[in-house]
Amino acid sequence: MSGLDNLYREVIMEHYKNPRNKGLVEDSTYKTFRIKNPSCGDDITIQSLVVDGIIKDCRQEGHGCSISMASASVLTEIMIGKTVAEALTVAENYLNMVSNKEYDEALDLEEAEVFSGVRQFPARVKCASIAWVAFKDTLK
Ligand code: ZN
């Protein structure tokens, strides 16, 4: 177990215990998308508010394993303030990273880098992905 793995695990547990931007809003200007992962019981809803091409707010709600909950929390923190184009690039590369596909390693995935180890655990890839797939769907 390397020190980096330990650090990554700590960040994931910290987000799991103290989730950011949790709780949905009742506001029809937000786009909402919900995804469930039956294999693990994860159930996540993501909301995003886009104004003039910028993600002004991003919310998450749901329940599930630590990886799914932490990845939703990290997602919301990273995406607020990004343009839609930047957000889609980051989300695409994150999803490729956790699925062990080719991705742009030079791109700064910020705190989402902590999920890079997930690619070694195929059963957890969906856990780390669903919030991000739901987020992409809110931008469609
Ligand atoms: Zn899970």
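Further up the page is the structure itself.
Everything in this summary refers to the structure shown in the same document.

Basis of the calculations
- Residues numbered from 1 in each chain as written.
- Predicted model: local features only at pLDDT ≥ 70, side-chain atom pairs only at ≥ 80, totals over all residues.
- Heavy atoms only, no water.
- Pairing = 2+ DSSP bridges.
- Helix = DSSP H or I, 4+ residues; strand = E, 2+ residues; numbered from the N terminus.
- Axes fitted to C-alpha atoms, helices over the stretch in contact; angles between N-to-C directions.
- Contact = heavy atoms within 4.5 Å.
- Donors = N, O, S within 2.8 Å, 3.2 Å for Na, K, Ca; no water.
- Buried < 20%, exposed > 50% of the residue type's maximum accessible area, 1.4 Å probe, protein only.
- 1 Å grid on protein atoms, 1.4 Å probe; cavity = no way out; pocket = protein on both sides within 12 Å on 5 of 7 lines; lining within 4 Å.
- Points joined across faces, edges and corners; volume = space filled by probe spheres on them.
- Nonpolar A, V, L, I, M, F, W, Y, C, P; charged D, E, K, R; others polar.
- Salt bridge = Lys/Arg side-chain N within 4 Å of Asp/Glu carboxyl O.

### Thoughts on the sheet that holds strand β2 (residues 42-51)
Part 1: In space, the 3 strands of this open sheet follow the order β1-β2-β3, with antiparallel pairing throughout. In this open sheet, the two edge strands, each paired with only one partner strand, are β1 (31-37) and β3 (54-63). Taken over all neighbouring pairs, the strand axes of this sheet differ in orientation by 15° on average, direction set aside.
Part 2: Two elements, β2 and β3, share 9 bridges in a ladder whose sense is antiparallel. Within the sheet, the bridge partner assigned to S48 lies in β3 and is C58.
Part 3: Across the sheet, helix α4 (residues 125-138) touches β1, β2 and β3, and the angle it forms with β1 is around 155°.

### Digging into the coordination of the zinc ion
Part 1: The protein atoms that coordinate the zinc ion are C40 (SG), D42 (OD), D42 (OD), C65 (SG) and C127 (SG), at distances spanning 2.1 to 2.8 Å.
Part 2: Read in sequence order, the donor residues for the zinc ion give the motif C-x1-D-x22-C-x61-C. Here C40 is found in the loop between β1 and β2, whereas its partner C65 is found in the loop between β3 and α2 (66-79), with 25 residues between them in sequence.

### Here's the deal with the environment of F135
Part 1: Structurally, the position occupied by F135 is in helix α4.
Part 2: Relative accessible area serves as the criterion here: at 0%, F135 is assigned to the buried category.
Part 3: Measuring from C-alpha to C-alpha, the distance between F135 and L88 comes to 9.2 Å, with 47 residues separating the pair along the chain.
Part 4: Discounting residues that sit within four places of it in the chain, F135 has contacts with I46, S48, I55, C58, L75, M79 and A87.

### Details of the layout of surface pockets
Any space left empty among the atoms is revealed by the rolling of a water-sized probe across them.
Part 1: By volume, the largest pocket is sized at about 320 Å³.
Part 2: Around the largest pocket sit 15 residues that line it, and R9, I12, G117, V118 and F121 are the ones nearest its centre.
Part 3: Contributing elements (two or more residues each) for the lining of the largest pocket: α1 (3-17) and α2.
Part 4: At 5 residues, α1 tops the list of elements feeding residues into the lining of the largest pocket.
Part 5: Its residues assigned to classes, the lining of the largest pocket shows 9 nonpolar, 3 polar and 3 charged.

### Here we look at the pattern of salt bridges
Part 1: For the structure on display, the rule yields 7 salt bridges.
Part 2: For K22, the salt bridge is made with E61, and the minimal N-O distance between the two is 3.4 Å. Here K22, found in the loop between α1 and β1, pairs with E61, found in strand β3; they are 39 residues apart in sequence, far enough to count as distant.
Part 3: With a relative accessible area of 33%, K22 lands in the partly exposed category.
Part 4: Where K82 meets E110, a salt bridge forms, and the shortest distance between an N and an O atom there is 2.7 Å. Taken together, the residues span a long stretch of sequence, with K82 in the loop between α2 and α3 (84-98) and E110 in the loop between α3 and α4 at a distance of 28 residues.
Part 5: Assessed through its relative accessible area of 35%, E110 is described here as partly exposed.
Part 6: Within this structure, E14, R20 and E77 form a network of salt bridges that share partners.

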